[in-house]
Amino acid sequence: MSTRTLISPATLARPRGKVLYWTVFTGVVLLFALAFLFPVYWMATGAMKSPDEVARTPPTLIPKHWHTDGYTDAWNLMQLPRHLWNTVVQAAGAWAFQLVFCTAAAYALSRLRPAFGKVILGGILATLMVPAQALVVPKYLTAADLPLVHTSLLNDPLGIWLPAVANAFNLYLLKRFFDQLPRDVLEAAEIDGAGKLRILWSVVLPMSRPVLGVVSIFALVGVWQDFLWPLMVFSDTERQPISVALVQLSQNIQLTVLVAAMVIASIPMVALFLVFQRHIIAGISAGSTKG
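Numbering of residues begins from 1 in every chain and follows the order in which that chain's sequence is written. Restriction of local features to residues with pLDDT of at least 70 applies here, the model being predicted, together with a cutoff of 80 or more for giving and counting side-chain atom pairs; totals for whole chains, interfaces and linings are based on all residues. Computation of side-chain values covers all heavy atoms of the structure but excludes hydrogens and water.

(A) Structural detail: the overall build of the protein. Secondary structure elements follow DSSP: runs of H or I of four or more residues count as helices, runs of E of two or more count as strands, with numbering from the N terminus. Counting its regular elements, the protein contains 15 helices and zero strands. The globule rule used here is 2.2 Å times the number of residues to the 0.38 power, and the radius of gyration it is set against is calculated over C-alpha atoms. Against the globule reference of 19 Å for 291 residues, the protein gives a C-alpha radius of gyration of 25 Å, more extended than a compact globule. Across the 291 residues of the protein, 31% fall into the buried class. Here, two residues are considered to be in contact whenever any of their heavy atoms come within 4.5 Å of each other. Relative to all contacts within the protein whose residues are 6 or more apart in sequence, the contacts with residues 24 or more apart total 71%. Burial classes follow relative accessibility: with a 1.4 Å probe on protein chains only, a residue under 20% of its type's maximum area counts as buried, one over 50% as exposed, and anything between as partly exposed.

Printed below as a string of C-alpha coordinates:
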(Lines give C-alpha, C1' and ligand atoms only; values in the text may rest on other atoms or scores of the structure.)
Protein backbone atom coordinates (compact mmCIF):
# COMPACT_ATOMS: atom_id res chain seq x y z
CA MET A 1 0.00 0.00 0.00
CA SER A 2 1.43 3.39 -1.04
CA THR A 3 1.80 6.13 1.53
CA ARG A 4 -0.34 9.23 1.06
CA THR A 5 1.52 12.51 1.41
CA LEU A 6 0.60 16.17 1.03
CA ILE A 7 1.53 16.01 -2.66
CA SER A 8 0.49 12.96 -4.62
CA PRO A 9 2.98 11.13 -6.89
CA ALA A 10 0.81 12.05 -9.87
CA THR A 11 1.17 15.75 -9.10
CA LEU A 12 4.93 15.41 -8.63
CA ALA A 13 5.19 13.69 -12.01
CA ARG A 14 3.92 16.81 -13.76
CA PRO A 15 6.43 19.54 -14.66
CA ARG A 16 4.42 22.21 -12.87
CA GLY A 17 4.17 20.06 -9.74
CA LYS A 18 7.93 19.45 -9.69
CA VAL A 19 8.68 23.14 -10.01
CA LEU A 20 6.23 24.04 -7.25
CA TYR A 21 7.54 21.31 -4.94
CA TRP A 22 11.21 22.19 -5.31
CA THR A 23 10.46 25.91 -5.02
CA VAL A 24 8.66 25.42 -1.71
CA PHE A 25 11.25 22.94 -0.47
CA THR A 26 14.19 25.23 -1.31
CA GLY A 27 12.45 28.22 0.26
CA VAL A 28 11.80 26.36 3.52
CA VAL A 29 15.39 25.07 3.71
CA LEU A 30 16.82 28.54 3.07
CA LEU A 31 14.47 30.05 5.65
CA PHE A 32 15.58 27.62 8.36
CA ALA A 33 19.24 27.99 7.38
CA LEU A 34 18.92 31.77 7.62
CA ALA A 35 17.20 31.54 11.01
CA PHE A 36 20.04 29.44 12.44
CA LEU A 37 23.03 31.03 10.69
CA PHE A 38 22.11 34.70 10.92
CA PRO A 39 22.78 34.96 14.69
CA VAL A 40 26.21 33.41 14.12
CA TYR A 41 26.92 35.89 11.31
CA TRP A 42 25.68 38.79 13.43
CA MET A 43 27.94 37.85 16.33
CA ALA A 44 31.01 37.22 14.14
CA THR A 45 30.66 40.49 12.22
CA GLY A 46 29.73 42.46 15.34
CA ALA A 47 33.23 41.90 16.66
CA MET A 48 34.62 43.48 13.49
CA LYS A 49 32.68 46.74 13.87
CA SER A 50 33.78 49.82 15.70
CA PRO A 51 32.25 50.44 19.16
CA ASP A 52 30.16 53.31 17.77
CA GLU A 53 28.85 51.21 14.90
CA VAL A 54 27.84 48.36 17.23
CA ALA A 55 25.72 50.73 19.31
CA ARG A 56 24.23 52.49 16.29
CA THR A 57 20.44 52.49 15.73
CA PRO A 58 19.34 51.16 13.31
CA PRO A 59 22.15 48.60 13.20
CA THR A 60 24.24 47.99 10.10
CA LEU A 61 24.03 44.59 8.46
CA ILE A 62 27.56 44.75 7.04
CA PRO A 63 30.41 46.57 8.84
CA LYS A 64 31.38 49.76 7.06
CA HIS A 65 34.98 49.27 8.12
CA TRP A 66 36.31 45.83 8.97
CA HIS A 67 38.35 45.75 12.17
CA THR A 68 40.09 42.56 13.32
CA ASP A 69 41.55 44.20 16.40
CA GLY A 70 38.61 42.95 18.47
CA TYR A 71 39.74 39.35 18.12
CA THR A 72 43.39 40.05 18.88
CA ASP A 73 42.48 42.23 21.86
CA ALA A 74 40.14 39.55 23.19
CA TRP A 75 42.84 36.89 22.80
CA ASN A 76 45.43 38.94 24.69
CA LEU A 77 43.55 41.20 27.13
CA MET A 78 41.13 38.55 28.39
CA GLN A 79 43.80 35.82 28.58
CA LEU A 80 41.69 33.47 26.49
CA PRO A 81 44.39 30.80 25.96
CA ARG A 82 44.68 30.19 29.71
CA HIS A 83 40.93 30.07 30.31
CA LEU A 84 40.31 27.93 27.24
CA TRP A 85 42.92 25.47 28.49
CA ASN A 86 41.25 25.42 31.91
CA THR A 87 37.95 24.62 30.21
CA VAL A 88 39.50 21.87 28.11
CA VAL A 89 41.01 20.23 31.21
CA GLN A 90 37.74 20.40 33.12
CA ALA A 91 35.63 19.17 30.21
CA ALA A 92 38.02 16.33 29.32
CA GLY A 93 38.17 15.11 32.91
CA ALA A 94 34.41 15.25 33.34
CA TRP A 95 33.98 13.40 30.04
CA ALA A 96 36.41 10.64 31.04
CA PHE A 97 34.86 10.20 34.49
CA GLN A 98 31.32 10.08 33.08
CA LEU A 99 32.23 7.66 30.33
CA VAL A 100 33.91 5.23 32.73
CA PHE A 101 31.55 5.31 35.71
CA CYS A 102 28.25 5.86 33.89
CA THR A 103 29.06 3.08 31.43
CA ALA A 104 29.99 0.69 34.26
CA ALA A 105 26.85 1.53 36.24
CA ALA A 106 24.60 1.24 33.19
CA TYR A 107 26.13 -2.11 32.24
CA ALA A 108 25.69 -3.41 35.76
CA LEU A 109 22.04 -2.35 35.92
CA SER A 110 21.30 -3.66 32.44
CA ARG A 111 23.20 -6.94 32.20
CA LEU A 112 24.39 -8.00 35.65
CA ARG A 113 20.91 -7.66 37.20
CA PRO A 114 21.98 -6.77 40.77
CA ALA A 115 19.66 -7.16 43.74
CA PHE A 116 17.29 -4.21 44.08
CA GLY A 117 18.48 -3.00 40.69
CA LYS A 118 15.10 -1.51 39.79
CA VAL A 119 14.93 0.29 43.12
CA ILE A 120 18.41 1.72 42.57
CA LEU A 121 17.50 2.80 39.04
CA GLY A 122 14.30 4.39 40.30
CA GLY A 123 16.23 6.34 42.91
CA ILE A 124 18.69 7.53 40.28
CA LEU A 125 15.92 8.65 37.93
CA ALA A 126 14.14 10.40 40.81
CA THR A 127 17.05 12.83 40.97
CA LEU A 128 16.02 14.13 37.54
CA MET A 129 12.93 15.66 39.15
CA VAL A 130 15.03 17.68 41.59
CA PRO A 131 15.89 21.17 40.23
CA ALA A 132 19.59 21.64 39.64
CA GLN A 133 19.53 24.86 41.68
CA ALA A 134 18.37 22.94 44.74
CA LEU A 135 21.50 20.79 44.63
CA VAL A 136 23.99 23.64 44.45
CA VAL A 137 24.30 24.21 48.21
CA PRO A 138 24.68 20.49 49.15
CA LYS A 139 27.20 20.04 46.34
CA TYR A 140 29.19 23.05 47.49
CA LEU A 141 29.26 21.91 51.14
CA THR A 142 30.38 18.46 50.02
CA ALA A 143 33.09 19.87 47.75
CA ALA A 144 34.30 22.25 50.46
CA ASP A 145 34.71 19.39 52.97
CA LEU A 146 34.72 16.00 51.30
CA PRO A 147 33.29 13.38 53.69
CA LEU A 148 35.62 10.76 55.21
CA VAL A 149 38.82 12.27 53.80
CA HIS A 150 37.96 15.84 54.91
CA THR A 151 39.68 17.62 52.07
CA SER A 152 38.54 20.52 49.92
CA LEU A 153 37.91 20.25 46.19
CA LEU A 154 37.56 24.01 45.70
CA ASN A 155 39.91 25.49 43.12
CA ASP A 156 40.60 21.93 41.97
CA PRO A 157 39.45 20.27 38.71
CA LEU A 158 38.15 17.36 40.80
CA GLY A 159 35.46 19.75 42.01
CA ILE A 160 34.12 19.65 38.44
CA TRP A 161 34.96 16.06 37.56
CA LEU A 162 33.42 14.20 40.50
CA PRO A 163 29.99 15.92 40.56
CA ALA A 164 29.76 15.44 36.80
CA VAL A 165 29.78 11.65 37.30
CA ALA A 166 26.33 11.80 38.94
CA ASN A 167 24.54 12.27 35.62
CA ALA A 168 21.30 10.34 35.77
CA PHE A 169 20.26 11.18 32.21
CA ASN A 170 23.42 9.82 30.58
CA LEU A 171 23.29 6.72 32.78
CA TYR A 172 19.70 6.04 31.76
CA LEU A 173 20.52 6.66 28.10
CA LEU A 174 23.32 4.10 28.25
CA LYS A 175 21.20 1.56 30.12
CA ARG A 176 18.39 1.79 27.57
CA PHE A 177 20.87 1.20 24.77
CA PHE A 178 22.45 -1.77 26.56
CA ASP A 179 18.97 -3.25 27.07
CA GLN A 180 18.46 -3.26 23.29
CA LEU A 181 21.67 -5.08 22.42
CA PRO A 182 21.11 -8.53 20.83
CA ARG A 183 21.01 -11.13 23.58
CA ASP A 184 22.30 -13.92 21.31
CA VAL A 185 25.58 -12.04 20.69
CA LEU A 186 26.22 -11.69 24.42
CA GLU A 187 25.27 -15.31 25.07
CA ALA A 188 27.65 -16.45 22.32
CA ALA A 189 30.45 -14.54 24.03
CA GLU A 190 29.62 -16.24 27.34
CA ILE A 191 29.67 -19.67 25.66
CA ASP A 192 33.13 -18.85 24.31
CA GLY A 193 34.27 -18.31 27.89
CA ALA A 194 34.30 -14.53 28.07
CA GLY A 195 33.69 -13.04 31.50
CA LYS A 196 31.49 -10.09 32.30
CA LEU A 197 34.31 -7.57 32.05
CA ARG A 198 35.59 -9.12 28.82
CA ILE A 199 32.12 -8.93 27.29
CA LEU A 200 31.83 -5.29 28.25
CA TRP A 201 35.21 -4.39 26.75
CA SER A 202 35.21 -6.55 23.61
CA VAL A 203 31.51 -6.82 22.72
CA VAL A 204 29.35 -4.18 24.37
CA LEU A 205 31.58 -1.11 23.95
CA PRO A 206 32.34 -1.64 20.22
CA MET A 207 28.60 -2.01 19.58
CA SER A 208 27.84 1.09 21.65
CA ARG A 209 29.90 3.64 19.76
CA PRO A 210 26.87 5.68 18.61
CA VAL A 211 25.43 6.14 22.09
CA LEU A 212 28.90 6.71 23.57
CA GLY A 213 29.32 9.52 21.06
CA VAL A 214 26.05 11.11 22.15
CA VAL A 215 26.96 10.81 25.83
CA SER A 216 30.36 12.33 25.09
CA ILE A 217 28.78 15.34 23.40
CA PHE A 218 26.34 15.83 26.29
CA ALA A 219 29.17 15.59 28.82
CA LEU A 220 31.47 18.02 27.02
CA VAL A 221 28.80 20.59 26.22
CA GLY A 222 27.39 20.40 29.74
CA VAL A 223 30.74 21.33 31.29
CA TRP A 224 31.68 23.82 28.58
CA GLN A 225 28.54 25.92 28.98
CA ASP A 226 28.11 25.58 32.76
CA PHE A 227 28.49 28.84 34.68
CA LEU A 228 27.08 28.69 38.21
CA TRP A 229 28.94 25.65 39.52
CA PRO A 230 32.40 26.62 38.17
CA LEU A 231 31.84 30.12 39.56
CA MET A 232 31.35 28.64 43.03
CA VAL A 233 34.20 26.15 42.78
CA PHE A 234 36.90 28.40 41.34
CA SER A 235 37.49 31.59 43.29
CA ASP A 236 41.00 31.76 41.82
CA THR A 237 40.67 33.71 38.57
CA GLU A 238 43.70 31.93 37.12
CA ARG A 239 41.83 28.59 37.15
CA GLN A 240 38.40 29.72 35.99
CA PRO A 241 36.93 28.30 32.77
CA ILE A 242 36.00 30.47 29.82
CA SER A 243 32.31 30.73 30.76
CA VAL A 244 33.16 32.33 34.11
CA ALA A 245 36.11 34.36 32.87
CA LEU A 246 34.01 36.09 30.19
CA VAL A 247 31.72 37.48 32.88
CA GLN A 248 34.43 38.28 35.41
CA LEU A 249 36.66 40.10 32.91
CA SER A 250 33.93 41.94 30.98
CA GLN A 251 33.59 44.87 33.37
CA ASN A 252 36.11 47.23 31.72
CA ILE A 253 36.20 45.64 28.27
CA GLN A 254 34.76 47.15 25.09
CA LEU A 255 31.65 45.50 23.69
CA THR A 256 33.36 44.51 20.45
CA VAL A 257 36.15 42.79 22.37
CA LEU A 258 33.62 40.91 24.51
CA VAL A 259 31.70 39.78 21.42
CA ALA A 260 34.94 38.60 19.84
CA ALA A 261 35.76 36.63 22.99
CA MET A 262 32.35 34.94 22.86
CA VAL A 263 32.92 34.02 19.21
CA ILE A 264 36.30 32.47 20.05
CA ALA A 265 34.80 30.60 23.02
CA SER A 266 32.07 29.08 20.85
CA ILE A 267 34.40 27.82 18.11
CA PRO A 268 35.50 24.57 19.85
CA MET A 269 31.94 23.35 20.42
CA VAL A 270 30.86 24.25 16.89
CA ALA A 271 33.89 22.44 15.47
CA LEU A 272 33.20 19.44 17.68
CA PHE A 273 29.64 19.18 16.38
CA LEU A 274 30.67 19.57 12.74
CA VAL A 275 33.28 16.82 13.06
CA PHE A 276 31.09 14.33 14.95
CA GLN A 277 27.64 15.24 13.60
CA ARG A 278 27.25 11.87 11.84
CA HIS A 279 27.99 10.01 15.08
CA ILE A 280 25.59 12.24 17.01
CA ILE A 281 22.73 11.65 14.57
CA ALA A 282 23.50 7.92 14.46
CA GLY A 283 23.47 7.72 18.26
CA ILE A 284 20.16 9.55 18.57
CA SER A 285 18.53 7.34 15.92
CA ALA A 286 20.05 4.20 17.47
CA GLY A 287 18.30 4.91 20.74
CA SER A 288 14.93 5.25 19.05
CA THR A 289 14.78 1.74 17.52
CA LYS A 290 14.99 -1.63 19.17
CA GLY A 291 18.06 -3.61 18.09
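Now that the structure has been shown, the text picks up again.
(B) A look at the nonpolar core. The biggest cluster of nonpolar side chains holds 32 residues, and the ones touching the most others in it are Met78, Leu80, Ile160, Ile242 and Leu246. Counting residues per element, the ones that place at least two in this core are helix H4 (69-77), helix H5 (80-112), helix H8 (158-165), helix H12 (209-224), helix H13 (228-233), helix H14 (242-248) and helix H15 (255-286). The contact partners of Leu246, leaving out residues within four places of it in the chain, are Met78, Leu80, Leu258, Ala261, Met262 and Ala265. We call a set of buried residues a nonpolar core when its members are Ala, Val, Leu, Ile, Met, Phe, Trp, Tyr or Cys and they connect through side-chain atoms within 4.5 Å of each other. Residues Cys102, Phe177, Leu181 and Leu212 belong to the second largest nonpolar core, which totals 16 residues.

(C) Focus on the pattern of salt bridges. When a carboxyl oxygen of Asp or Glu is within 4 Å of a side-chain nitrogen of Lys or Arg, the pair counts as a salt bridge. One pass over the structure, following the stated rule, counts four salt bridges. Between Glu190 and Lys196 there is a salt bridge, with its nearest N and O atoms 3.1 Å apart. Relative accessible area serves as the criterion here: at 40%, Glu190 is assigned to the partly exposed category. Residue Lys196 is classed as partly exposed on the basis of its relative accessible area, which comes to 44%.

(D) Looking closely at unusual backbone geometry. Here the bond from Thr57 into Pro58 is cis, since omega is 0°, no more than 30 degrees from zero. The phi dihedral of Gln79 falls on the positive side, at around 55°, and the residue is not glycine. Structurally, Gln79 is set in the loop between H4 and H5. Gln79 sits in the partly exposed class, given a relative accessible area of 34%. Phi angles above zero are rare outside glycine, and Phe116 is one such case at about 60°. Within the secondary structure layout, Phe116 lies in the loop between H5 and helix H6 (117-126).

(E) Spotlight on the environment of Ala44. With respect to the helices, strands and loops of the structure, Ala44 is situated in helix H2 (residues 15-46). Considering only alpha carbons, one finds Ala44 and Ala260, 216 residues apart in sequence, at a separation of 7.1 Å. When near neighbours in sequence (up to four residues on either side) are disregarded, Ala44 contacts Tyr71 and Val263.

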